Amino acid sequence: MNHETMTAAILNAKNDKGYSWETLAEEIGMSPVWTASCCYGMNTMLEEQAGTLCRLLDLSDDVEKLLQTSPHKQWGPAVPTDPLIYRLYEAMMIYGQSVKDVIHEKFGDGIMSAIDYKMFVDRVEDPKGDRVVITMDGKFLPYKRW
């Protein structure tokens, strides 16, 4: 089993059993975005978390073990083609430099951590159409001078 087959097994079981990411995340005590990222092979669960998830979804020990292994985080050089992922990519292409400038003005020269990091997705009702609110919350890491 590899991360790709692990993800397929998890998604099939999640869909078959009718679980949401929100419900699975509550069961393991984590956020929905982080839980999904582990299931897509981008983060690592602790033994207890992986065990709980696999028991809920009736998945094998192989899946449980793989959820605990450090993933190889990579993606291809192509522009994403999924419409929703592309819009996130597009937003960063349009506003990325501006966000970078504002962060540097407020914090100085550095980056936002994607390790000491949280992300939340919320729905806000609006009469003109419901809004998607994505909050990215990362620790600021100044570049070291040496």
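Residues numbered from 1 in each chain as written. Predicted model: local features only at pLDDT ≥ 70, side-chain atom pairs only at ≥ 80, totals over all residues. Heavy atoms only, no water.

Trainee: Would you mind showing me how to read the environment of Leu 57 here?
Mentor: Of note, Leu 57 is situated in helix α4 (residues 47–57). Distance from Leu 57 to Gly 18, taken between C-alpha atoms, is 9.9 Å for residues 39 residues apart in sequence. (Helix = DSSP H or I, 4+ residues; strand = E, 2+ residues; numbered from the N terminus.)

Trainee: Mind showing me how you'd approach the nonpolar core here?
Mentor: As a rule of thumb, nonpolar side chains are buried together in soluble globular proteins. Counting residues in each nonpolar core, the largest one holds 18 residues, and the members touching the most others are Ile 10, Met 45, Leu 53, Leu 57, Leu 59, Val 63 and Leu 67. Elements that contribute at least two residues to this core include exactly α1 (3–17), α2 (21–28), α3 (32–39), α4 and α5 (61–67). Counting residues per element, this core draws most heavily on α4, which supplies 4 residues. Not counting the four nearest positions on each side in its chain, Ile 10 is found in contact with Cys 39, Leu 53, Leu 57, Leu 59, Val 63 and Leu 67. (Core = buried A, V, L, I, M, F, W, Y, C linked by side-chain atoms within 4.5 Å. Buried < 20%, exposed > 50% of the residue type's maximum accessible area, 1.4 Å probe, protein only. Contact = heavy atoms within 4.5 Å.)

Trainee: In this structure, what is going on with the pattern of salt bridges? I would like to understand it.
Mentor: Oppositely charged side chains are able to pair whenever their charged atoms sit close together. Counted according to the given criterion, the structure contains 4 salt bridges. With its nearest N and O atoms 3.3 Å apart, the salt bridge here joins Glu 90 to Arg 87. Taken as a pair, Glu 90 and Arg 87 lie in helix α6 (residues 83–107) at a separation of 3 residues, close to a single helical turn. The salt bridge partner of Asp 130 is Arg 123, with a shortest N-O separation of 2.7 Å. Arg 123 gets classed as exposed once you look at its relative accessible area, which sits at 68%. (Salt bridge = Lys/Arg side-chain N within 4 Å of Asp/Glu carboxyl O.)

Trainee: Quick question: what am I supposed to make of the pairing of strand β1 (residues 110–124) here?
Mentor: Regular strands show a simple pattern: their side chains alternate between the two faces of the sheet. Here 11 bridges tie β1 to strand β2 (residues 131–142), and the two strands are oriented antiparallel to one another. Its bridge partner lying in β2, Val 124 is registered against Arg 131. As consecutive antiparallel partners, β1 and β2 are separated by 6 residues, and within that stretch Gly 129 has a phi angle of approximately 135 degrees, a positive value. (Pairing = 2+ DSSP bridges.)

Trainee: How should I be thinking about α4 in this particular structure?
Mentor: The periodicity of an α-helix, 3.6 residues per turn, causes residues three or four positions apart to be oriented the same way. Every buried residue of α4 is listed here: Gln 49, Ala 50, Gly 51, Thr 52, Leu 53, Cys 54 and Leu 57. Remark: Asp 58 follows α4 within two positions and exhibits a positive phi of approximately 55 degrees.

Trainee: What am I meant to see in a nonpolar patch on the surface here?
Mentor: Nonpolar side chains collect at one region of the surface, where Leu 84, Ile 85, Leu 88, Met 112, Val 121, Val 132, Ile 134 and Met 136 lie side by side and expose about 750 Å² of accessible area between them. Counting only elements with at least two residues in the nonpolar patch, the list comes to α6, β1 and β2. Take Met 136: it is sitting in strand β2. Looking at Met 136, the relative accessible area reads 44%, which means it is partly exposed. (Patch = residues over 30% accessible without salt bridge, like charges linked within 9 Å, V, L, I, M, F, W, Y side chains within 5 Å. Areas by Shrake-Rupley, 256 points an atom, 1.4 Å probe, with all protein chains shown as cover.)

Trainee: Looking at this model, I keep getting lost on the packing of α2 against α3. Mind explaining?
Mentor: Each packed pair of helices is defined by two parameters, the angle between the axes and the distance between the axes. Contact pair α2 / α3: the axes reach a minimum separation of 8 Å and the direction vectors enclose 95 degrees. Classified by the interaxial angle, the pair formed by α2 and α3 is roughly perpendicular. Residue-level contacts link Trp 21, Glu 22, Leu 24, Ala 25 and Ile 28 of α2 to Pro 32, Trp 34, Thr 35, Ala 36 and Cys 39 of α3. Of the residues contributing to the contact of α2 with α3, the split by class is 8 nonpolar, 1 polar and 1 charged. (Axes fitted to C-alpha atoms, helices over the stretch in contact; angles between N-to-C directions. Parallel < 35°, antiparallel > 145°, perpendicular 65-115°, else oblique. Nonpolar A, V, L, I, M, F, W, Y, C, P; charged D, E, K, R; others polar.)

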